[in-house]
Amino acid sequence: MATDTTHPSIITLINSDHGKFKSLWQEYKGPNMNGEMKQKLSWTLIREIAMHSSAEEEVMYPEVRKRLGDEAADTLVGPTGHQQLKDLLMEVNHMTIEKNGETAFDAKMQEAMDVLYHHIDDEEKTFWPKFEALPGVDADLLSSLGRKFEGAKAHAVTRPHPWAPNKPPLNVVANMMTAPLDGLADMWRFAGNPPRV
Ligand SMILES: [Fe+2]
């Protein structure tokens, strides 16, 4: 079989997204931020995390389910993982600094980011090392999953949808219907100010 190691491993791609989220969050908490800058940064974070999570659910978690089992996949996608994160980001998405005040907005963002950081630790410290150590998981597989992960991000939703299905095949169908609507909503949100990541 042809090798597919020309593409970065899915683990490398996922972890580099994590690094991006962390640096955006550090920037949010930085000393020179005003309300408007925080608002825009929160929209960028919501968008990036939505696309990343959707691609994980389409490409990585089915592999985790197949190779590490239901318990592992359910931990990542369930009420202490993506589900909780989506619920909180949905709340953030419905708030604005102007309407709710900076203190309340900061507190909700902090809550969401605490869950995100915990989830990132679960993936990077527990599940990825286990996954990479499995027989049958080699550079070829990780590389071809990396290619699929990037493809999935390109057609992913850009807003949190906590009630949408999170497992194949229904998540893929829901994405196909929802992503264009998210795209339209984002055109207004980012009008004149395209997301910079
Ligand atoms: Fe994740």
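Residues numbered from 1 in each chain as written. Predicted model: local features only at pLDDT ≥ 70, side-chain atom pairs only at ≥ 80, totals over all residues. Heavy atoms only, no water.

Asks: What is the right way to read the overall build of the protein from this model?
Replies: What the protein contains, in helices and strands, is eight helices and zero strands. What you see in the protein, going N to C, is helices and strands ordered as α-α-α-α-α-α-α-α. For the protein, whose C-alpha radius of gyration is 17 Å, the value lies close to the compact-globule estimate of 16 Å for 197 residues. Taking the principal axes of its C-alpha atoms as reference, the protein extends roughly 55 × 30 × 30 Å. For the protein, the proportion of its 197 residues judged to be buried stands at 49%. A separation threshold of at least 6 residues defines the contact pool for the protein, and within that pool the share at least 24 residues apart is 79%. Just so you have it, the protein exposes about 9,900 Å², and 58% of that area is on carbon and sulfur atoms. (Helix = DSSP H or I, 4+ residues; strand = E, 2+ residues; numbered from the N terminus. Rg over C-alpha atoms; globule rule 2.2 N^0.38 Å. Buried < 20%, exposed > 50% of the residue type's maximum accessible area, 1.4 Å probe, protein only. Contact = heavy atoms within 4.5 Å. Areas by Shrake-Rupley, 256 points an atom, 1.4 Å probe, with all protein chains shown as cover.)

Asks: Got a minute to help me understand the coordination of the iron ion in this structure?
Replies: When four donors bind a metal tetrahedrally, each ideal donor-metal-donor angle is 109.5 degrees, and when six bind octahedrally, the ideal angles are 90 or 180 degrees. Bound to the iron ion on the protein side are Glu56 (OE), Tyr61 (OH), His82 (NE2), His119 (NE2) and Glu123 (OE), at distances that span 1.9 to 2.3 Å. Coordination of the iron ion draws on donor residues from a single chain, spaced E-x4-Y-x20-H-x36-H-x3-E in sequence. Of the two residues, tyrosine 61 sits in helix α2 (residues 35–68) while histidine 119 sits in helix α6 (residues 102–132), which places them 58 residues apart along the sequence. Residue classification places tyrosine 61 among the buried residues on the basis of a relative accessible area of 4%. (Donors = N, O, S within 2.8 Å, 3.2 Å for Na, K, Ca; no water.)

Asks: Please clarify how the pattern of salt bridges should be interpreted in this entry.
Replies: Pairs can form between side chains of opposite charge whenever their charged atoms are close. Applying the stated criterion across every chain yields a total of 16 salt bridges. With a shortest N-O distance of 3.4 Å, lysine 125 and aspartate 121 are connected by a salt bridge. Of this pair, lysine 125 and aspartate 121 both sit in helix α6, separated by four residues, roughly a single helical turn. Several salt bridges share partner residues, and in doing so they unite Asp17, Lys20, Glu48 and Lys153 into one network. (Salt bridge = Lys/Arg side-chain N within 4 Å of Asp/Glu carboxyl O.)

Asks: What am I meant to see in helix α4 (residues 82–94) here?
Replies: Taking 1.5 Å as the rise per residue, α4 with 13 residues should run 18 Å; its terminal C-alpha atoms sit 18 Å apart, in good agreement. For α4, every residue scored as buried is listed here: His82, Leu85, Lys86, Leu88, Leu89, Met90, Val92 and Asn93. (Expected span 1.5 Å × (residues − 1).)

Asks: Would you mind showing me how to read helix α7 (residues 139–154) here?
Replies: A rise of 1.5 Å per residue sets the reference length of α7, with its 16 residues, at 22 Å; its end C-alpha atoms lie 23 Å apart and thus fit the reference within 8%. At its buried positions, α7 is contacted by α1 (10–28), α2 and α6.

Asks: What is the right way to look at unusual backbone geometry in this model?
Replies: Omega for the peptide link from proline 168 to proline 169 comes to 0°, which places this bond in the cis form. Positionally, proline 169 belongs in the loop between α7 and α8 (170–189).

Asks: Can you walk me through the environment of tryptophan 128 in this structure?
Replies: Here tryptophan 128 lies in helix α6. Residues tryptophan 128 and asparagine 15, 113 residues apart in the sequence, show an inter-C-alpha distance of 9.8 Å. Apart from residues lying up to four places away in sequence, tryptophan 128 is in contact with Ile11, Ile14, Asn15, His18, Glu56, Met60, Tyr61, Val64 and Glu123.

Asks: What's the story with the UniProt feature "domain: Hemerythrin-like" (unreviewed entry) in the protein in this structure? I'm lost.
Replies: Per the UniProt annotation, the sites labelled "domain: Hemerythrin-like" (unreviewed entry) are residues 10–130. Helix makes up 88% of residues 10–130 and strand 0%, and the two end C-alpha atoms of the span are 14 Å apart. (UniProt positions renumbered as here; feature names shortened; annotations may be inferred.)

Asks: Before we go on, may I ask you to explain the packing of α2 against α6 in this structure?
Replies: How two helices pack is summed up by the angle between their axes together with the distance between the axes. Two elements in contact, α2 and α6, have axes whose closest approach is 12 Å; the angle formed by their N-to-C orientations is 25°. The orientation of α2 relative to α6 falls into the category roughly parallel. For the pair α2 and α6, the sense of crossing is left-handed. Taken together, the residues of the contact of α2 with α6 break down into 13 nonpolar, four polar and eight charged. (Axes fitted to C-alpha atoms, helices over the stretch in contact; angles between N-to-C directions. Parallel < 35°, antiparallel > 145°, perpendicular 65-115°, else oblique. Left-handed = near helix turned anticlockwise from the far one by under 90°. Nonpolar A, V, L, I, M, F, W, Y, C, P; charged D, E, K, R; others polar.)

Asks: In this structure, what is going on with the nonpolar core? I would like to understand it.
Replies: Nonpolar side chains tend to gather and get buried jointly when the protein is soluble and globular. With 23 residues, the main nonpolar core has Ile10, Ile11, Met60, Val64, Trp128 and Phe131 as its most contacted residues. Counting only elements with at least two residues in this core, the list comes to α1, α2, α3 (70–77), α6 and α7. Apart from residues lying up to four places away in sequence, methionine 60 is in contact with Ile10, Ile11, Ile14, Ala55, Trp128 and Phe131. In this structure, Leu24, Leu41, Leu45 and Val115 belong to the second largest nonpolar core, which totals 22 residues. (Core = buried A, V, L, I, M, F, W, Y, C linked by side-chain atoms within 4.5 Å.)

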